[in-house]
Amino acid sequence: MLDVVNLSHTYGEGPNAHQALGGIDLKVAEGEMVCVVGPSGCGKSTLLRSIAGLIRPTEGQIRIRETTVADTPGDLAVVFQDYSRSLFPWMSVGDNVALPLRRRGKDRTARRAAAAEALEEVGLAAASSKFPWELSGGMQQRVAIARALAYRPSLLLMDEPFGSVDAQTREDLEDLVLKVREHHRMTVLLITHDIDESVYVGDRVVVLTRSPARVAGELSVDLPFPRDQIATRELPAFVHLRAEVGRLVRAKKESPPVQV
Amino acid sequence: MTTTVEGQTTRGMRAGLLAVLARVWLVPIAVAAWELGTRQAGSTYFPPPSQILARMYELWFSGPAAHLFLTDGALGDFLPSLARLFGGWALACVLGIGLGVALGRSRKLSGYIDPLVEFGRAIPPPTLIPLFIILFKMGTQMQVATIVYGVIWPILINTIDGARHVDRVHADTAQAFGLGRAQRLFRIILPAAGPKIFAGVRLSLSLAVILMVVSELVGSTNGIGYQLMFTQQNFDLSGMWGAIVLLGVLGFVLNASFLVVERRVLSWHRRARQTT
């Protein structure tokens, strides 16, 4: 479904050049939920921005369902960390959700209906005519999730989607994402720096090294569904997986500095 | 229940009335002082406001009811002036916003054009009137050209600035969801630049009044600016003062009406800022 081959990206040129990605290979299967974890500043966002077609990587290839992203914008939706800047404050919540649907060739009525349905699914049916800034942070991120849902993308990208909300809201949103992706059999690539979160929501966790980022290792998460904030997190398998991911993330952190 | 609601509305109205009074109480006092001062001085050059108002009534507002009490003189002066004012301003808005978005969104284009913009805006618009008189002949064309040239800069510069600084996450979101060109322009870029565009457009409206008058002082056979000149040359000083007062009122009304529109269109902006 998603095929990332030997992806490298360098910002700038000459002595000030900074290599963010150092050859990443990544595959995501249809219907899979993959979490990418790595230390902060490792280039996770660069990876996501490349897949979303927002930057053109210096090397490597990205294909979504056999279509190269560089040629046509991918058929994908993005949920950004910064919901307050990702939603458009001059539009009502309903208009925000309906906006991208024009590309889907839907008429006005169909767009409205699809937006209402998606808002209903994230528990915000009543908020359609409100403005985003009238809602709490968690609710705004639900709107962003509803916008992605209504779009029915072949791939959903999430960039630290729960990084700016409080702990309780974060758990609610994690469960919401698990629920909707189960319901729509969506393919999701979620980027996070939170090890617990990656194990809790993922089918598979891919760990990146520090920048220039490479794949340090990956783990299948064979925890049973439906997942539960309390019960899943106390399973020995969860604790074990979390430790494994933690070890991978840390391994590179504590490795000796590269000899120059 | 109803009584409390009624009580609240009367109380609300009373509070609103008090707020208005608190802001305008100085105006009648200033007018009274003006009246007393000019009467005391008895100077021909400074007629008292009562005399100015009487002359304004005589010149412009003593017409038939069918013409909204406007005299033929008023119609002959106000309509051409307002047509030039709004025509020039509207044209400047269309050109300024269109060009501004193009320059704001294209680094390449703005690299070439920016120095020209800086040079163009540095030329005081009235200095171009002699040129425009040659180019367009006397009359409306030349006046509209002067207004367009004079008022386009704040619109252009603010639009460039607003269109250039669309929030990165907004732009990323639009691009990732593959919004089309028209959608990006009308649903993202223009609304995002809206607060800045409106600030420029409002400034240009008051500039348009100034340039309308200036262009009519120089080359015109009608209009409020022409009236101002004509009354002065005929030693009709009350009439001249009347034109000055009229222009002041016009500027005030234009700005106030524009603010009403702006508050409506940008209500999201004001309210979003209050909540965050």
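Residues numbered from 1 in each chain as written. Chains lettered and ligands numbered in written order. Predicted model: local features only at pLDDT ≥ 70, side-chain atom pairs only at ≥ 80, totals over all residues.

1. Some details on the nonpolar core
Turning to step 1, where the next piece is worked out: Among the nonpolar cores identified, the biggest contains 129 residues, and A:Ala146, A:Leu157 and B:Ala208 are the most heavily contacted of them.
Turning to step 2, where the next piece is worked out: At 14 residues, the largest contribution of residues to this core is made by helix α9 (residues 181–218) of chain B.
Turning to step 3, where the next piece is worked out: When near neighbours in sequence (up to four residues on either side) are disregarded, B:Ala208 contacts B:Leu85, B:Gly88, B:Trp89, B:Ile147 and B:Val151. (Core = buried A, V, L, I, M, F, W, Y, C linked by C-beta atoms within 7 Å. Buried ≥ 20, exposed ≤ 12 C-beta atoms within 10 Å, placed from the backbone. Helix = DSSP H or I, 4+ residues; strand = E, 2+ residues; numbered from the N terminus. Contact = placed C-beta atoms within 7 Å.)

2. Focus on helix α6 (residues 167–184) of chain A
All names here are of chain A.
Turning to step 1, where the next piece is worked out: Helix length check: α6 (18 residues) gives 26 Å between terminal C-alpha atoms against 26 Å at 1.5 Å per residue, within 8%.
Turning to step 2, where the next piece is worked out: Within α6, burial applies to Leu173, Glu174, Val177 and Arg181. Along the long axis of α6, the arc covered by the buried residues comes to 105°, so they all point the same way. Pointing more than 90 degrees away from the buried face of α6 are the exposed residues Gln168 and His183.
Turning to step 3, where the next piece is worked out: Here the buried face of α6 lies against β3 (33–37), α5 (137–151), β8 (188–192) and α7 (195–201).
Turning to step 4, where the next piece is worked out: Just beyond α6, the residue with positive phi is Arg185, at close to 50°. (Expected span 1.5 Å × (residues − 1). Arc of directions from axis to C-beta.)

3. Here's the deal with the pairing of strand β9 (residues 204–208) of chain A
Residues and elements named next belong to chain A.
Turning to step 1, where the next piece is worked out: Of all five residues making up β9, four are buried, and the element is well covered by its neighbours.
Turning to step 2, where the next piece is worked out: Judged from the four bridges that link them, β3 and β9 form a sheet pairing that is parallel. The residue of β9 that forms the bridge with Val37 is Val207.
Turning to step 3, where the next piece is worked out: In the sheet, β9 pairs with strand β10 (residues 215–220) via five bridges, with the strands oriented antiparallel. Looking at the pairing, Val205 lines up with Leu219 of β10.
Turning to step 4, where the next piece is worked out: With antiparallel pairing between neighbouring strands as the criterion, β9 and β10 make up a hairpin whose turn holds six residues. (Pairing = 2+ DSSP bridges.)

4. A closer look at the packing of helix α6 (residues 129–136) of chain B against helix α7 (residues 140–164) of chain B
Residues and elements named next belong to chain B.
Turning to step 1, where the next piece is worked out: It is at 9 Å that the axes of α6 and α7 come closest, and there the two elements cross at 140°. Between α6 and α7, the angle falls in the class oblique. In the packing of α6 onto α7, the handedness of the crossing is right-handed. When α6 is examined against α7, the residues Ile129, Phe132, Ile133 and Phe136 are found in contact with a partner set consisting of Gln141, Met142, Ala145 and Thr146.
Turning to step 2, where the next piece is worked out: Residues belonging to the contact of α6 with α7 are distributed by class as follows: six nonpolar, two polar and no charged. (Axes fitted to C-alpha atoms, helices over the stretch in contact; angles between N-to-C directions. Parallel < 35°, antiparallel > 145°, perpendicular 65-115°, else oblique. Left-handed = near helix turned anticlockwise from the far one by under 90°. Nonpolar A, V, L, I, M, F, W, Y, C, P; charged D, E, K, R; others polar.)

5. Examining the sheet that holds β9(A)
Residues and elements named next belong to chain A.
Turning to step 1, where the next piece is worked out: Taken in spatial order, the six strands of this open sheet run β6-β7-β8-β3-β9-β10, and their pairing is mixed. The strands lining the two open edges of the sheet, one partner per strand, are β6 (76–79) and β10. The mean inter-strand angle of the sheet, taken between neighbouring strand axes irrespective of direction, is 15°.
Turning to step 2, where the next piece is worked out: Running over the sheet, helix α1 (residues 44–51) touches β3, β7 (155–159), β8 and β9 and is turned about 150° from β7.

6. Comments concerning the interface of chain A and chain B
Turning to step 1, where the next piece is worked out: Taken together, the 21 residues of chain A in the interface contact 19 residues of chain B.
Turning to step 2, where the next piece is worked out: Elements that contribute at least two residues to the side of chain A that touches chain B include exactly β6 and α2 (83–86) of chain A.
Turning to step 3, where the next piece is worked out: No other element matches β6(A), which puts three residues into the side of chain A that touches chain B.

7. Examining the environment of A:Ser50
Residues and elements named next belong to chain A.
Turning to step 1, where the next piece is worked out: The topology assignment puts Ser50 in helix α1.
Turning to step 2, where the next piece is worked out: Separated by 149 residues in the primary sequence, Ser50 and Val199 place their C-alpha atoms 24 Å from one another.
Turning to step 3, where the next piece is worked out: Leaving out residues up to four positions away in the same chain, Ser50 has contacts with Leu7, His9, Ile55, Pro57 and Ile62.

8. Some words on unusual backbone geometry
All names here are of chain A.
Turning to step 1, where the next piece is worked out: Looking along the chain, the bond that leaves Phe225 and enters Pro226 is cis, with omega of -10°.
Turning to step 2, where the next piece is worked out: As for its placement among the helices and strands, Pro226 is situated in the loop between β10 and α8 (236–253).
Turning to step 3, where the next piece is worked out: If you check the backbone angles, Asn6 has positive phi at about 45° while not being a glycine.
Turning to step 4, where the next piece is worked out: Mapping Asn6 onto the fold places it in strand β1 (residues 2–11).
Turning to step 5, where the next piece is worked out: A residue is classified by how many C-beta atoms lie within 10 Å of it, and Asn6, with 13 of them, is partly exposed.
Turning to step 6, where the next piece is worked out: Even without being glycine, Arg152 reaches a positive phi, approximately 50°.
Turning to step 7, where the next piece is worked out: Residue placement: Arg152 occurs in the loop between α5 and β7.
Turning to step 8, where the next piece is worked out: Here Arg152 falls in the partly exposed class, since 15 other C-beta atoms lie within 10 Å of it.

9. Notes on the confidence of the model for chain B
Residue and element names in this part refer to chain B.
Turning to step 1, where the next piece is worked out: The share of residues in chain B with pLDDT of 70 or more is 96%, and the mean pLDDT across the chain is 90.
Turning to step 2, where the next piece is worked out: Taking the mean pLDDT of every element in chain B, the minimum, 74, falls on helix α1 (residues 2–24) and the maximum, 94, on helix α11 (residues 237–265).
Turning to step 3, where the next piece is worked out: On the interface metric, ipTM, the complex scores 0.87, and its pTM is 0.85. (pLDDT = per-residue confidence, 0-100.)

10. Quick word on the pairing of strand β2 (residues 18–28) of chain A
Residues and elements named next belong to chain A.
Turning to step 1, where the next piece is worked out: Relative to β2, β1 is paired through eight bridges, and the arrangement is antiparallel. Among the inter-strand pairings, Thr10 is bridged to a residue of β2, identified as Gln19.
Turning to step 2, where the next piece is worked out: Count of turn residues in the β1/β2 antiparallel hairpin: six residues, of which Gly12 carries a positive phi of about 75°.

11. A look at the sheet that holds β1(A)
Turning to step 1, where the next piece is worked out: Read across the open sheet, the four strands follow the order β2-β1-β4-β5 (chain A); overall the sheet is antiparallel. In this open sheet, the two strands that pair with only one neighbour each are β2 and β5 (67–68) of chain A.

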